[in-house]
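# Coordinate inspection notes
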Amino acid sequence: MTRSPAGTTRRDFLATLVAGVALPALPRLIPSHSAAESPLKNGTLAERLGYPADTRLLLLHADDLGLLHSVNAAAIHLFEAGILQSGSAMVPCPWFPEFAAYAKAKPALDIGVHLTFICERPHYRWGPLLGAARVPSLVDRDGYFPEFWEPERKVNLAELEAEVRAQVDR
């Protein structure tokens, strides 16, 4: 587990984000489903994929797409080989346009958004799509996402929602 200089971990950050900030916004960001519309009403994932209910499946997912050219190249190779079933792209990252072009050309791929609000690499930085001036509570003094999340950081929920929407829309 990555520990920051301030002693917080990624798990601490995620717990803070989910418990304190993101959960109130989720009902507005995620479409609701009734129990009758639940994707699990039609059986287990294995059954929906054509296997017996008790079949164990290994589904490989590529995370952090768009982070680096090498990450994109590896994922593209594995998608083309039929090894990867899904992936998630970090929209604010520098190499996102490269992976987005590939994904756009392959609309059948199962690609989602890896919402991004930190940048744990001190010499390879990225920030919010909306820019530091529009979401100042999400950035550090240099205008980038912070390297780690300080528990005392106060986030403006409207800014967070706007950045989430921008990342999903892009």
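Above this text you will find the structure in question.
Please read all numbers here as calculations on a predicted model, not as lab measurements. (Residues numbered from 1 in each chain as written. Predicted model: local features only at pLDDT ≥ 70, side-chain atom pairs only at ≥ 80, totals over all residues. Heavy atoms only, no water.)

### Some details on helix 4 (residues 96-105)
Of the residues making up helix 4, those classed as buried are Phe96, Phe99, Tyr102 and Ala103. Projection of helix 4 onto a plane perpendicular to its axis shows the buried side chains occupying an angular sector of 130°, all on one side. Set apart from the buried face of helix 4 by more than 90 degrees, the exposed residues are Pro97, Lys104 and Ala105. On its buried face, helix 4 sits against strand 1 (61-65), helix 3 (69-80), strand 2 (86-89) and strand 3 (111-113). (Buried < 20%, exposed > 50% of the residue type's maximum accessible area, 1.4 Å probe, protein only. Helix = DSSP H or I, 4+ residues; strand = E, 2+ residues; numbered from the N terminus. Arc of directions from axis to C-beta. Contact = heavy atoms within 4.5 Å.)

### Thoughts on the packing of helix 3 against helix 4
Relative to each other, helix 3 and helix 4 sit at 15°, their axes nearing to 9 Å. By the angle between their directions, the pair helix 3 and helix 4 is classed as roughly parallel. Classified by chirality, the crossing of helix 4 by helix 3 is right-handed. The residues of helix 4 that touch helix 3, namely those facing His69, Asn72, Ala75, Ile76, Phe79 and Glu80, are Glu98, Phe99 and Tyr102. Among the residues making up the contact of helix 3 with helix 4, the classes are represented as five nonpolar, two polar and two charged. (Axes fitted to C-alpha atoms, helices over the stretch in contact; angles between N-to-C directions. Parallel < 35°, antiparallel > 145°, perpendicular 65-115°, else oblique. Left-handed = near helix turned anticlockwise from the far one by under 90°. Nonpolar A, V, L, I, M, F, W, Y, C, P; charged D, E, K, R; others polar.)

### Structural notes on the sheet that holds strand 3
Spatially, the three strands line up as an open sheet ordered 1-2-3, and their pairing is parallel. The strands lining the two open edges of the sheet, one partner per strand, are strand 1 and strand 3. Taken over all neighbouring pairs, the strand axes of this sheet differ in orientation by 25° on average, direction set aside. Of the strand pairs in this sheet, strand 1 and strand 2 are connected by three bridges, and their pairing is parallel. (Pairing = 2+ DSSP bridges.)

### Considering the pairing of strand 2
Neither face of strand 2 is open: one carries Ser86 and Ser88, the other Gly87 and Ala89, and all of them are buried. Crossover strand 1 to strand 2 through helix 3 is right-handed. Read as a crossover between parallel neighbours, the route from strand 2 over helix 4 to strand 3 is right-handed. (Right-handed = clockwise from strand over helix to strand, strands pointing away.)

### Let's talk about helix 5 (residues 157-169)
Here helix 5 is 13 residues long and its end C-alpha atoms lie 18 Å apart, about the 18 Å a rise of 1.5 Å per residue gives. Capping of helix 5 at its N-terminal end is provided by Asn156; its side-chain oxygen lies 2.8 Å from the backbone amide nitrogen of Ala158. (Expected span 1.5 Å × (residues − 1). Polar contact = N/O pair within 3.5 Å; in protein donor to acceptor, adjacent residues only side chain to side chain.)

### Here's the deal with the nonpolar core
Core analysis: the largest hydrophobic core is formed by 16 residues, its most contacted members being Cys93, Phe117, Trp126, Leu138, Phe145, Val155 and Leu160. With eleven residues, the next largest nonpolar core counts Ala62, Leu65, Ala75 and Leu84 among its residues. (Core = buried A, V, L, I, M, F, W, Y, C linked by side-chain atoms within 4.5 Å.)

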